[in-house]
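Listed here are the chains, written in short residue letters.
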Amino acid sequence: MSGTTASPSLAASPRPTATPTSPAAAAPADTADPVPSDTADPVPSDTVAPVPSDTATSAPTDSSPDPHQFEVYGVGNSWPDHWKLSLSVYSATATVTGVTARYRPHGAPADAPDAATTSDFVPNPYYGGQVSADRPTLPAMGVYDVSVDVTDSSGNVEHFPDAGEFTYAAQVSVGKLASDRSSVDYEHRSYTVSAPVTVTDPSTGAVLDPAGVSVALADPEAGVPSETVAVATARADGRVAAPVTAKGGVTYRTAGADGTATAGYPYFLDTSDQSPLTVPATAETTRIRILSKTDVDVPQGGRTTITGVLERKVGSTWVGTPDQKIYTMGPASFSATVKTTATGTFAVSTGTAGAYYFNNYWDYDPFLLSTDSDSAPVYVHVPSPSRVTPFHVSEDEYGEAVIDGHLDLHGAEFPSNTHSMTIQYSSNGKTWHTVGSTRIGRSGLAGDEFMTYATYGGQANGYWRAYFPGTPDYSPSYSAAVKIYRTPTRVTGGKPSHTTVRKNTYVTFGGHLQQRSSSGAWSGMSHTYAYLEFRAAGSKTWHYVTRVKTDTKGTYHLSGKATHDGTWTVVWFTSDSHHIDSNGPETYVHVH
């Protein structure tokens, strides 16, 4: 076999001359006794020992054929040209200089004559490897066993028997597809797709009988691989015709034709020249009408049934449409899917308050335009308990109540910014005054959250609560009352020595920083800073000028250079969470 060498057998290898061969080989077994034991000493008991180890170990390897230096794989019909042979040859150590493929009928003896050979290969542009430059010509259609000879740069040839199979098949060509309908609609979904079919011998071009050839019709827009829509078998007159019940507008093409079916020979579809056929779908206008009340009050714990109808427009008449899916979207993640009856009606039962919308957006019939009831939802009112929780109130340094809370509707929410929460104040926790209201779920807040700043009579110290007045859907509820308190402060004095001064002269301020006790008495705040600030005429921004520490009685004295007309004020800023900021009077000083 070319590419292999024979190894010498162990019997052909000469034994070392130090090992006696004739006496040991010729002596009968019973003549061994008279031999003195000392004469046997020079003869090793194991006569193989003097044989070099490399002689004994190399013999089995030499008796095996050399391993292949090439690998051959992927031998078979190419794609998309099924009438060419495709194969791949790989070697990590050698260079391929020639490849020859040999064909013999499938199952024929290995020494059977070649039916054909192929030696001209080019790179395969689709999957790598190589493909025959031309289509092989074989004596008859059928399956052939393929053997491959690979030649390296030294002229050595390796033979790979039965490396793969090649199907020599007829060539099927499908002509222009046609339909007996130009379009389909809701009431006309079935039609027939047909086309002429030609079958030829790939080597001679002779026309073959197309009867029994099976052709698949596919939708190329359905994804990869394309979805097979119908399969038709060619008649003796050379045409295929497949009845189709469409699910919508579909573009058809002949996606496959291979096998034997009843044609009596293998065949492949020639996909090089196909003209797709599009049968468009005409969709009809639809609407959803609510038949029951669109605003319903239901007692607590009760239920109601919403009924409606899906209709399609036929000419100028609206007709109920059966067996269509209607999707319901309601409050609190409520959803339901029902099918229309024979008259197009549907019904949805619920005991949850909120707005309900109906549509046929998803899984809709492609012959019907989608529609919804967004312009006319159904409102169901069921009074359910509500809670104002959690509820937090604190007081900031400006003396305002900072209120933040949530309306708990047990998992439900109002549409954002559609309902209000009432804020109430009490100085003693008994007598309550309404301060105002704030929207629930306004911009920047969670759908159930409300947040606001508030004072009553210029102060925040006291009790605060939130009140939800209720709706037809939810009962009224109050939050817990929360008491807050910060020590009030004030700046006394704080007026300049003069209100008209010369430029670059100083204006002076004096007074006290004081805080009020719980009894209402005012006392000085010692050793804390009083700040002097100035805002130029026409400006909205205050600028720091200077500061000074008060004495033990809270007294301060400040002065600042007047360079422009503007307003002056003395302020105090708290450094803890127990006091409220304060400022003195704002005084305008003219500079000339």
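Description of the structure in this document.

Thresholds, definitions, all that
- Residues numbered from 1 in each chain as written.
- Predicted model: local features only at pLDDT ≥ 70, side-chain atom pairs only at ≥ 80, totals over all residues.
- Heavy atoms only, no water.
- Pairing = 2+ DSSP bridges.
- Helix = DSSP H or I, 4+ residues; strand = E, 2+ residues; numbered from the N terminus.
- Axes fitted to C-alpha atoms, helices over the stretch in contact; angles between N-to-C directions.
- Salt bridge = Lys/Arg side-chain N within 4 Å of Asp/Glu carboxyl O.
- Buried < 20%, exposed > 50% of the residue type's maximum accessible area, 1.4 Å probe, protein only.
- Core = buried A, V, L, I, M, F, W, Y, C linked by side-chain atoms within 4.5 Å.
- Contact = heavy atoms within 4.5 Å.
- Phe/Tyr/Trp six-rings, centres within 6.5 Å; stacked < 30°, edge-to-face > 60°.
- Lys NZ or Arg CZ within 6 Å of the ring centre and 35° of its normal.
- Patch = residues over 30% accessible without salt bridge, like charges linked within 9 Å, V, L, I, M, F, W, Y side chains within 5 Å.
- Areas by Shrake-Rupley, 256 points an atom, 1.4 Å probe, with all protein chains shown as cover.
- Polar contact = N/O pair within 3.5 Å; in protein donor to acceptor, adjacent residues only side chain to side chain.

1. So, the sheet that holds strand E23 (residues 325–329)
Alright, step 1. Taking strand neighbours across the sheet as the criterion, the five strands line up as E20-E27-E26-E23-E24 in an open arrangement whose pairing is mixed. Each having just a single partner strand, strand E20 (295–297) and strand E24 (335–339) make up the two edges of the open sheet. Direction aside, the axes of adjacent strands within the sheet are offset by 20° on average.
Alright, step 2. Across five bridges, E23 lies against E24 in antiparallel orientation. By the bridge assignment, Ile-326 is partnered in E24 with Val-338.

2. A closer look at the pattern of salt bridges
Two side chains of opposite charge can pair, provided their charged atoms sit close to one another.
Alright, step 1. Enumeration according to the criterion identifies twelve salt bridges in this entry.
Alright, step 2. When the shortest N-O distance is used, the salt bridge between Asp-81 and Arg-135 registers 3.3 Å. One end of the pair, Asp-81, is in the loop between strand E1 (71–77) and strand E2 (85–90); the other, Arg-135, is in the loop between strand E6 (130–132) and strand E7 (142–152), and 54 residues separate them in sequence.
Alright, step 3. Exposure remark for Arg-135: the relative accessible area of 32% places this residue in the partly exposed category.
Alright, step 4. Because the salt bridges share partners, they merge into one network encompassing Arg-102, Asp-114 and Asp-149.

3. Regarding the nonpolar core
Alright, step 1. If you look at the biggest cluster of nonpolar residues, it comprises 30 residues, and the most contacted ones within it are Val-199, Val-213 and Tyr-265.
Alright, step 2. Of all the secondary structure elements, the ones that give two or more residues to this core are strand E9 (170–174), strand E11 (190–200), strand E13 (214–219), strand E14 (227–233), strand E15 (239–245), strand E17 (267–269) and strand E18 (277–279).
Alright, step 3. Setting aside anything within four residues of it in sequence, one finds Val-199 in contact with Ala-170, Gln-171, Val-172, Ala-206, Val-207, Leu-208, Pro-210, Val-213 and Tyr-265.
Alright, step 4. In this structure, Phe-391, Met-421, Phe-450 and Ala-460 belong to the second largest nonpolar core, which totals 21 residues.

4. Examining the packing of aromatic side chains
Alright, step 1. By the definition in use, this model includes 18 aromatic pairs.
Alright, step 2. Between Tyr-265 and Tyr-267 the ring centres are 6.2 Å apart and the planes differ by 75°, which places this aromatic pair in the edge-to-face class.
Alright, step 3. Relative accessible area serves as the criterion here: at 11%, Tyr-265 is assigned to the buried category.
Alright, step 4. Of the residues examined, Tyr-267 reaches a relative accessible area of 1% and is grouped as buried.
Alright, step 5. Between Phe-534 and Trp-568, the ring centres sit 4.7 Å apart and the planes meet at 45°, which makes this aromatic pair tilted. Here the residue Phe-534 occupies a position in strand E40 (residues 529–536), and Trp-568 occupies one in strand E43 (residues 566–572), the gap between them amounting to 34 residues. Here the two residues Phe-534 and Trp-568 agree in accessibility, since each one is buried.
Alright, step 6. Of note, Arg-490 hangs over the ring of Trp-522, and the distance from its end group to the ring centre comes to 4.1 Å.

5. A few points about the environment of Lys-549
Alright, step 1. Its place among the elements puts Lys-549 in strand E41 (residues 543–549).
Alright, step 2. C-alpha of Lys-549 to C-alpha of Tyr-529: the two residues are 20 residues apart in sequence and 4.4 Å apart in space.
Alright, step 3. In contact with Lys-549, not counting residues within four places along its chain, are His-527, Thr-528, Tyr-529 and Thr-555.

6. Regarding the sheet that holds strand E3 (residues 96–105)
Two modes of strand pairing occur in sheets, parallel and antiparallel, and in both the strands are linked by backbone hydrogen bonds.
Alright, step 1. Strand order in the open sheet made by the four strands is E4-E3-E7-E8, with antiparallel pairing throughout. In this open sheet, the two edge strands, each paired with only one partner strand, are strand E4 (116–118) and strand E8 (157–168). The sheet shows a mean angle of 25° between the axes of neighbouring strands, taken without regard to direction.
Alright, step 2. In this sheet, E4 lies alongside E3 in antiparallel orientation, the contact comprising three bridges. Looking at the pairing, Ala-101 lines up with Thr-118 of E4.

7. Quick notes on a nonpolar patch on the surface
Alright, step 1. A surface patch of nonpolar side chains, amounting to about 420 Å² of accessible area, comprises Trp-79, Tyr-126 and Tyr-127.
Alright, step 2. With respect to the helices and strands, the residue Trp-79 is situated in the loop between E1 and E2.

8. Regarding the side chain of Ser-147
Alright, step 1. With respect to the secondary-structure elements, Ser-147 resides in strand E7.
Alright, step 2. If sequence neighbours within four positions are ignored, Ser-147 has contacts with Thr-100, Ala-101, Arg-102, Arg-104, His-159, Phe-160, Pro-161, Asp-162 and Ala-163.

9. Examining the side chain of Thr-350
Alright, step 1. Looking at the secondary structure, you find Thr-350 in strand E25 (residues 345–350).
Alright, step 2. The buried category is assigned to Thr-350, whose relative accessible area is 1%.
Alright, step 3. Side-chain polar atoms of Thr-350 contact the side chain of Tyr-356, separated by 2.5 Å.
Alright, step 4. With residues near it in sequence (within four places) discarded, Thr-350 still touches Arg-303, Thr-304, Ile-306, Phe-334, Tyr-356 and Val-380.

10. A look at unusual backbone geometry
Alright, step 1. The omega angle of the peptide bond from Trp-79 to Pro-80 is 10°, so this bond is cis rather than trans.
Alright, step 2. Cis peptide bonds are those with omega within 30 degrees of zero, and the linkage from Thr-389 to Pro-390 qualifies with -5°.
Alright, step 3. Note that Pro-390 resides in strand E28 (residues 387–395).
Alright, step 4. Even without glycine at this site, Asp-323 takes up a positive phi of about 55°.
Alright, step 5. Structurally, Asp-323 is set in the loop between strand E22 (317–320) and E23.
Alright, step 6. Phi is positive for His-527, which is not a glycine, with a value near 55°.
Alright, step 7. Considering the arrangement of structural elements, one finds His-527 in the loop between strand E39 (522–524) and E40.

11. Structural notes on the environment of Lys-430
Alright, step 1. Checked against the element boundaries, Lys-430 lands in the loop between strand E30 (420–426) and strand E31 (433–439).
Alright, step 2. Taking the C-alpha atoms as reference points, Lys-430 and Tyr-463, 33 residues apart in sequence, are found 9.1 Å from one another.

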